[in-house]
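# Coordinate inspection notes
Chain residues, written in single-letter form:
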Number of protein chains: 4
Amino acid sequence: MAGGEGGTSRRRFEERRQRRIARRRSEILAAAARVFADKGYANATTKEIADAADIAEGTLYNYFGGKREILLAIAHEGQAPIEALLQDATGLQGREDMIALVERGYDVFVSQLPFMRTLLLEAWLDDVIFQDFVLDRFQRIGELVGAYIAQRIEDGGFRPVDPALTTRMVLGMFISTILPLLRGTAPPPSHERRHALAEAVVDLLLDGIRVRQD
Amino acid sequence: MAGGEGGTSRRRFEERRQRRIARRRSEILAAAARVFADKGYANATTKEIADAADIAEGTLYNYFGGKREILLAIAHEGQAPIEALLQDATGLQGREDMIALVERGYDVFVSQLPFMRTLLLEAWLDDVIFQDFVLDRFQRIGELVGAYIAQRIEDGGFRPVDPALTTRMVLGMFISTILPLLRGTAPPPSHERRHALAEAVVDLLLDGIRVRQD
Amino acid sequence: MAGGEGGTSRRRFEERRQRRIARRRSEILAAAARVFADKGYANATTKEIADAADIAEGTLYNYFGGKREILLAIAHEGQAPIEALLQDATGLQGREDMIALVERGYDVFVSQLPFMRTLLLEAWLDDVIFQDFVLDRFQRIGELVGAYIAQRIEDGGFRPVDPALTTRMVLGMFISTILPLLRGTAPPPSHERRHALAEAVVDLLLDGIRVRQD
Amino acid sequence: MAGGEGGTSRRRFEERRQRRIARRRSEILAAAARVFADKGYANATTKEIADAADIAEGTLYNYFGGKREILLAIAHEGQAPIEALLQDATGLQGREDMIALVERGYDVFVSQLPFMRTLLLEAWLDDVIFQDFVLDRFQRIGELVGAYIAQRIEDGGFRPVDPALTTRMVLGMFISTILPLLRGTAPPPSHERRHALAEAVVDLLLDGIRVRQD
DNA sequence: CATGAATGAGTCTTCATTCAT
DNA sequence: GATGAATGAAGACTCATTCAT
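Parameters and conventions
Residues numbered from 1 in each chain as written. Chains lettered and ligands numbered in written order. Predicted model: local features only at pLDDT ≥ 70, side-chain atom pairs only at ≥ 80, totals over all residues. Heavy atoms only, no water. Patch = residues over 30% accessible without salt bridge, like charges linked within 9 Å, V, L, I, M, F, W, Y side chains within 5 Å. Areas by Shrake-Rupley, 256 points an atom, 1.4 Å probe, with all protein chains shown as cover. Salt bridge = Lys/Arg side-chain N within 4 Å of Asp/Glu carboxyl O. Lys, Arg positive; Asp, Glu negative; His and termini not counted. Charge placed at Lys NZ, Arg CZ, Asp CG, Glu CD. Helix = DSSP H or I, 4+ residues; strand = E, 2+ residues; numbered from the N terminus. Contact = heavy atoms within 4.5 Å. Buried < 20%, exposed > 50% of the residue type's maximum accessible area, 1.4 Å probe, protein only. Near = heavy atom within 4 Å. Polar contact = N/O pair within 3.5 Å; in protein donor to acceptor, adjacent residues only side chain to side chain. Buried area = accessible area lost by both parts, 1.4 Å probe. Nonpolar A, V, L, I, M, F, W, Y, C, P; charged D, E, K, R; others polar. Least-squares fit on C-alpha atoms with pLDDT ≥ 70 in both. Domains from an automatic or database assignment. Phe/Tyr/Trp six-rings, centres within 6.5 Å; stacked < 30°, edge-to-face > 60°. Lys NZ or Arg CZ within 6 Å of the ring centre and 35° of its normal.

## A few points about a positive patch on the surface
A cluster of basic side chains, namely Arg12, Arg16, Arg19, Arg20 and Arg23 of chain A, defines a positive patch on the protein surface. Here Arg16 of chain A is to be found in helix H1 (residues 3–39).

Here it is as structure tokens:
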């Protein structure tokens, strides 16, 4: 009886269920990312994760296959904002564009801090994380920035540097400026501070610190 | 009877014993550094360390109070070469001096790779390691480089940048260039390669990548 | 919906859970007391305790913080019956009262044998156990018996002996009579036997063994 | 050459060697008894024993087959003074004889404290120690005292008590009076104190505490 | 004989995962 | 689906005993 409606209501129920599951997964991931960021994957216990997510330990296993799968899901989750950033990163032209891009990079790290911290930490040890979630993106950024630099060298705007190496160094400069945040020894920088940091990075990249002698 | 000789032979014996102990401690530390560098402190087992050092598990405890003490000894061990480098780092003048200094920095990392890798990895999580063995040195480097930059700004050689921030970014650039080595995805660079890397770092620092437009 | 009933059912569930936990704790304590009584705390392994309690080793740690905490819980557990006995021990008058009291003392030891055996054994070495769980009660017994003896001396019923020393000796007599049981070389005495032992203790205390010569 | 003298000197050497060995064994036993008395056999380490005896750990094994053998030797060592006491204990007659005997009992405990403490402690757990070194002597004491009591009952001097049980209770009284010393919570009693204690024990045994009503 | 470093079996404890309720 | 107690494999550490020097 009420077959059609039954189907509709069942579908609605199913949708709501799916949303509830997705929401719960996200909550768990956010909690786990905080714990992993704080103590590292190896030192974190499933009990701590469950407590942070305010659920029972066993419930974790209804949403994830195990501790490691949670880590992989976190790594996966951390990809989206970087992907978005990479999408917009085409068509760099001048200093202002570059500054804006670096600022957006800061935004990603600030808004996703536990994810990023976990990702970078575990990539240091875990080859799967490193290959699939860090190296991969790093190479895409490398291609992007490298291509830009190569093109600017071609048109005479940049010195004939090694594009890949320079990309690497820019990223090093970038990361170094938010290292205290990643390490947890400093609070997130204000928007003004982020802007100033971005300017410093871009200006050092473009002009170095030496005063023009000519 | 033969008191004097007895004393001498006992002293010699004692010296030899001390040397044997020191040597064994070093062997264990080197083995442990390799294991820690490979799997991280938390994932490394005392059995693995013992196997790597080719001794029995219990023997570890004749030389160190426990796993954590081994880690601290590694952190301590890694300080000497950096201290030496810092001693020599005064009196930077021009580009060549700076390149030489950066090259020596590479030498330290290359020759002490497992120690450095372990140190940087664990400092990420362990506040004691971070404070006592990383932040401390980092601040000394910061003072050194920062003072140099500030002085060069004063005499008009450098643009009026933030010395502390710039120091941080230089270190970021430096580290980024040997990251593949630290991460274990690349072999140690040749001396030529190290020289080229050092030049790239210093030139980027001094002049940036932009071609003079005037 | 069904809020009240939900609350009630949850509360009932919670109560049942608490009872289950308490029961399990008691089972573990009883098993551990048997093992400790048999081999001593230091020689007992957590594996043996777990086996005696018919649970896995790890389960112990869901109920107690560790091996030593189990020992302390045993010591604590053994206090209740002695406290109860001390409550009733006021108002001794004549020989019959005293015999009844000694008999109740036997009952405590017989019914709590592993607990008492463990307690006395470990108090011999462990200062915490000794101070908090044995000396304390011993002093209370001492005060009680000592006060009684002192009063009877006053009213001329007893010789002018040292009350504290006499109390100590009575306890020595008492313990000596169930030593084979405590040591595990004899089965628990029957009620008749306990009565006879109690009479022997009290008569020796009151009259000694010498026939009146006058 | 010098064959005869060689034999003599070898014999002398051998005797001296035997004495040296015996002396060293005694030193080790005394040290071990102190350690065992303090922490118990199970909690004492061979390292602690060696340190207490001021020798190296390995040297222990030149004199004893192992830790347990040291314990057995201690138990054995503790027997001699008690044997001596038992030899002299025949021919008790009156109150004074008994007091003197009890005093000698105190002397044995005071002079051999670590041995006695170790012996009683380990006999509580170790069946071999208990059977061979404690029960055995206890039974001999029991026969001696029991026979005396039985005889005095026969001749009308004592009430018709159970000789074995009474013996047990006397020993309980005796032990109880030096329990603080054995437990380590009181210093050895002075000679005067020992005499007073012995009088208290014997008087309680003979006359109890009740004032004669006749 | 004395020494003390080396050994590895044995112990307590933790924790990811399972599963009955 | 949620819960959390039960599990047992694994890990850090101890210590009696051995043995090369």
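Once you've had a look at it, read on.
## What about the arrangement of the chains?
With no contact formed, the shortest span from any C-alpha in chain A to any C-alpha in chain D equals 33 Å. The least C-alpha distance between chain B and chain D, which are not in contact, is 13 Å.

## Describing the pattern of salt bridges
Inspection of every chain in the model, using the stated rule, returns 47 salt bridges over all chains. A salt bridge links Asp51 of chain C to Lys47 of chain C; its shortest N-O distance comes to 3.0 Å. With Asp51 of chain C and Lys47 of chain C both in helix H2 (residues 46–53) and 4 residues apart, this pair spans about one turn of that helix. Overall, Asp51 of chain C belongs to the partly exposed group, its relative accessible area being 46%. Asp155 of chain C serves as the salt-bridge partner of Arg152 of chain C, at 3.6 Å between the closest nitrogen and oxygen. You can call Asp155 of chain C partly exposed: its relative accessible area is 46%. Here the residues in one salt-bridge network are Arg95, Glu96, Glu199 and Asp203 of chain A, joined through shared partners.

## Considering the protein's contact with DNA strand F
The immediate surroundings of DNA strand F are formed by 33 residues, with Arg17 of chain A, Thr46 of chain B, Ala56 and Tyr63 of chain C together with Thr46 of chain D found nearest. Sugar and phosphate atoms constitute 68% of the interface atoms of DNA strand F, taking the interface as everything within 4 Å of the protein. Take Tyr63 of chain A: an N or O atom from its side chain is 3.0 Å from a phosphate oxygen of DNA strand F. Between Thr46 of chain D and DNA strand F, the recorded distance is 2.6 Å, taken from a backbone N or O atom to a phosphate oxygen. Those elements that provide at least two residues to the surface near DNA strand F are H1 and helix H3 (57–63) of chain A, helix H3 (57–63) of chain B, helix H1 (3–39) and helix H3 (57–63) of chain C together with helix H3 (57–63) of chain D.

## Digging into the interface of chain C and chain D
A common way to express how large an interface is: the accessible area buried when the components associate. Taken residue by residue, the interface counts 46 residues in chain C and 46 residues in chain D. In this assembly, chain C packs against chain D so that about 4500 Å² is buried in total across both faces, 62% of it on carbon and sulfur atoms. Joining chain C to chain D, the criterion identifies 2 salt bridges. Among the salt bridges present, the one from Asp127 of chain C reaches Arg183 of chain D, with a minimum N-O distance of 2.3 Å. Here chain C is connected to chain D by 8 residue pairs in polar contact (both at pLDDT 80 or more). Across the side of chain C that touches chain D, the residue classes break down as 23 nonpolar, 10 polar and 13 charged.

## As for the relation of the copies chain B and chain A
Superposition record for chain B on chain A: RMSD 0.2 Å, screw rotation 179°, translation along axis 0.0 Å. Look at the turn and shift together and you get a two-fold axis relating the two. In this assembly the copies share their binding face: 100% of the residues contributing to the interface of chain B also contribute to that of chain A.

## What to know about the interface of chain B and chain A
The interface is formed by 46 residues belonging to chain B together with 46 residues belonging to chain A. Note on chain B versus chain A: buried area summed over both sides is about 4500 Å², and carbon and sulfur give 62% of it. Three residues stand out in chain B for area buried against chain A, namely Trp124, Arg183 and Ile209 of chain B, and they jointly supply 20% of the buried area on that side. One can count 2 salt bridges joining chain B with chain A. Put simply, chain B and chain A have 10 residue pairs in polar contact (both at pLDDT 80 or more) between them. Elements that contribute at least two residues to the side of chain B that touches chain A include exactly helix H1 (3–39), helix H7 (113–123), helix H8 (127–154), helix H9 (163–177), helix H10 (179–183) and helix H11 (191–207) of chain B.

## Overview of the domain arrangement of chain A
All names here are of chain A. Here chain A is described as being made up of domain 1 (2–71) and domain 2 (78–207). Between domain 1 and domain 2, the C-alpha centre-to-centre distance is 31 Å. Tallying the contact residues gives 11 residues for domain 1 and 9 residues for domain 2. Together domain 1 and domain 2 conceal approximately 760 Å² of surface at their shared face, both sides included; 64% is due to carbon and sulfur atoms. Of all residues in domain 1, Ala37, Arg68 and Leu71 give up the largest surface area on contact with domain 2, accounting jointly for 53% of the area buried on that side. Connecting domain 1 to domain 2 are 1 salt bridge. Between Asp126 and Arg68 there is a salt bridge, and its shortest N-O distance comes to 2.5 Å. Connecting domain 1 to domain 2 are 5 residue pairs in polar contact (both at pLDDT 80 or more). Examining the composition of the side of domain 1 that touches domain 2, we find that 7 residues originate from one element, H1, more than from any other. When grouped by side-chain class, the residues that make up the side of domain 1 that touches domain 2 number 7 nonpolar, 1 polar and 3 charged.

## Comments concerning the packing of aromatic side chains
Under the criterion given, the structure shown has 16 aromatic pairs over all chains. When the ring of Tyr148 of chain A is compared with that of Phe158 of chain A, the centres are 5.9 Å apart and the planes differ by 85°; the resulting orientation is edge-to-face. In this pair, Tyr148 of chain A sits in helix H8 (residues 127–154) while Phe158 of chain A sits in the loop between H8 and helix H9 (163–177), placing the two residues 10 residues apart along the sequence. Grouping aromatic residues by their ring pairs yields a cluster made of Tyr106, Phe109 and Phe174 of chain A. Across the ring face of Phe130 of chain B, the terminal group of Arg183 of chain A is positioned such that the distance to the ring centre comes to 4.2 Å. Against the face of Tyr41 of chain C rests Lys67 of chain C, its NZ or CZ located 4.5 Å from the ring centre.

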